[in-house]
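# Summary of structural features
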Amino acid sequence: MSTTIWLTEALLYTPSISMSKTDTESRARGSWREAWYWSKKYGRGLITMLVIIGTIKIFLGELRPHFISTCQPDVKCKGTEYVSSYTCTNSKESLYFVRDASKSFPSGHSAMSVFEAIFLIWYLEKRVPRLRTLFTIPLFQMVLMCWAVFCSLSRITDNRHHWWDVLAGTIAGSIAAFMTCLFGCQNFDTSKRKRKTSLYTDHDHKLINSGSGNAATLGTPLHKEEINLNNVIHA
């Protein structure tokens with residue numbers, strides 16, 4: 001996931017045309033900065049989703065399809081009675097694996113695969129110029145979606161989840177991805193990101209080049225900030 005973002009920004013990053021030549025950062029530095037920014041957004045969204053899913057598993061988790069063979073409970077079911085008290089007797093498996101057998105809902109792998117696929121598809125759609133990649137990007141997006149579907153269905157065929165667990169995980173991953181892309185990444189619109197204005201940047205360069213030290217010129221933005229700061233301190 002992160003590798004795709006780093007490679008995309010390194011190969012296709014273009015400095016902003018609104019910046020002057022003296023202020024335009026190098027291609028390498030700019031691509032690393034952009035890749036790190038989007039990777040942080042992705043990581044925050046993914047971690048938040050996994051924490052929520054982990055909490056749901058603890059309080060609402062159900063038995064996995066392989067629970068009986070993994071736990072080997074010390075009770076014998078008679079008819080359709082509901083058993084609420086039992087003890088796992090399987091000593092061959094680790095305690096973590098035995099406890100995990102009762103945390104089937106929802107599917108974390110399905111949620112994570114769908115989240116990654118939607119985030120990357122959205123990212124490539126908004127960040128990669130279409131004229132350079134007329135067929136490559138749609139093909140890669142289709143591969144990502146197929147990978148998410150395959151990963152989700154494999155949880156059922158591997159006897160790790162029920163179909164409704166996978167469905168719930170898919171819905172959770174989709175919602176988390178849409179919220180991350182729309183609200184966390186602002187639809188990958190770089191114009192909405194808070195940056196230092198060129199006025200302040202030019203002024204900082206002039207202060208350094210003129211050798212004025214820490215003194216700001218009267219009427220400049222920095223001077224106004226100093227006045228406001230002094231007023232707050234004296235107040």
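Here is what the cut-offs are and how they apply
Residues numbered from 1 in each chain as written. Predicted model: local features only at pLDDT ≥ 70, side-chain atom pairs only at ≥ 80, totals over all residues. Heavy atoms only, no water. UniProt positions renumbered as here; feature names shortened; annotations may be inferred. Helix = DSSP H or I, 4+ residues; strand = E, 2+ residues; numbered from the N terminus. Buried < 20%, exposed > 50% of the residue type's maximum accessible area, 1.4 Å probe, protein only. Lys, Arg positive; Asp, Glu negative; His and termini not counted. Salt bridge = Lys/Arg side-chain N within 4 Å of Asp/Glu carboxyl O. Polar contact = N/O pair within 3.5 Å; in protein donor to acceptor, adjacent residues only side chain to side chain. Contact = heavy atoms within 4.5 Å. Phe/Tyr/Trp six-rings, centres within 6.5 Å; stacked < 30°, edge-to-face > 60°. Axes fitted to C-alpha atoms, helices over the stretch in contact; angles between N-to-C directions. Left-handed = near helix turned anticlockwise from the far one by under 90°. Nonpolar A, V, L, I, M, F, W, Y, C, P; charged D, E, K, R; others polar.

Looking at an unreviewed UniProt entry, the chain carries the name Phosphatidic acid phosphatase type 2/haloperoxidase domain-containing protein, with the source organism given as Anopheles christyi. In UniProt, the chain has this text filed under Sequence similarities (unreviewed entry): "Belongs to the PA-phosphatase related phosphoesterase family." Here is the UniProt Subcellular location (unreviewed entry) comment for the chain, exactly as written: "Membrane".

This paragraph deals with the side chain of Lys41. The residue Lys41 is located in helix 2 (residues 27–60) in this model. No salt bridge is formed by the buried Lys41; the nearest opposite charge belongs to Glu34, separated by 11 Å. Side-chain polar atoms of Lys41 contact the backbone oxygen of Gly184, separated by 3.3 Å. Apart from residues lying up to four places away in sequence, Lys41 is in contact with Thr180, Gly184 and Cys185.

Before going further, it helps to spend a moment on the packing of aromatic side chains. On inspection of all chains with the given rule, the structure shows 10 aromatic pairs. Here the aromatic rings of Phe119 and Phe188 are separated by 5.5 Å at their centres, their planes lie at 70°, and the arrangement is edge-to-face. Within this pair, whereas Phe119 is found in helix 5 (residues 108–127), its partner Phe188 is found in the loop between helix 7 (163–184) and helix 8 (198–210), the two being separated by 69 residues in sequence. A residue is classified by how much of its surface remains accessible, and Phe119, at 0% relative accessible area, is buried. Taking 5.5 Å as the distance between ring centres and 80° as the angle between the ring planes, the aromatic pair formed by Trp163 and Trp164 counts as edge-to-face. Relative accessible area serves as the criterion here: at 36%, Trp164 is assigned to the partly exposed category. Linked through ring pairs, Tyr37, Trp38, Tyr42, Phe115, Phe119, Tyr123 and Phe188 together constitute an aromatic cluster.

What follows deals with the packing of helix 5 against helix 7. In the contact formed by helix 5 and helix 7, the axes pass within 7 Å of each other and the chain directions differ by 35°. Remark: the crossing between helix 5 and helix 7 carries right-handed chirality. Every residue of helix 7 that contacts helix 5 at Ser110, Ala111, Val114, Phe115, Ile118, Phe119 and Trp122 is listed here: Val166, Gly169, Thr170, Gly173, Ser174, Ala176, Ala177, Phe178, Thr180, Cys181 and Leu182. Classifying every residue of the contact of helix 5 with helix 7 gives 12 nonpolar, 6 polar and no charged.

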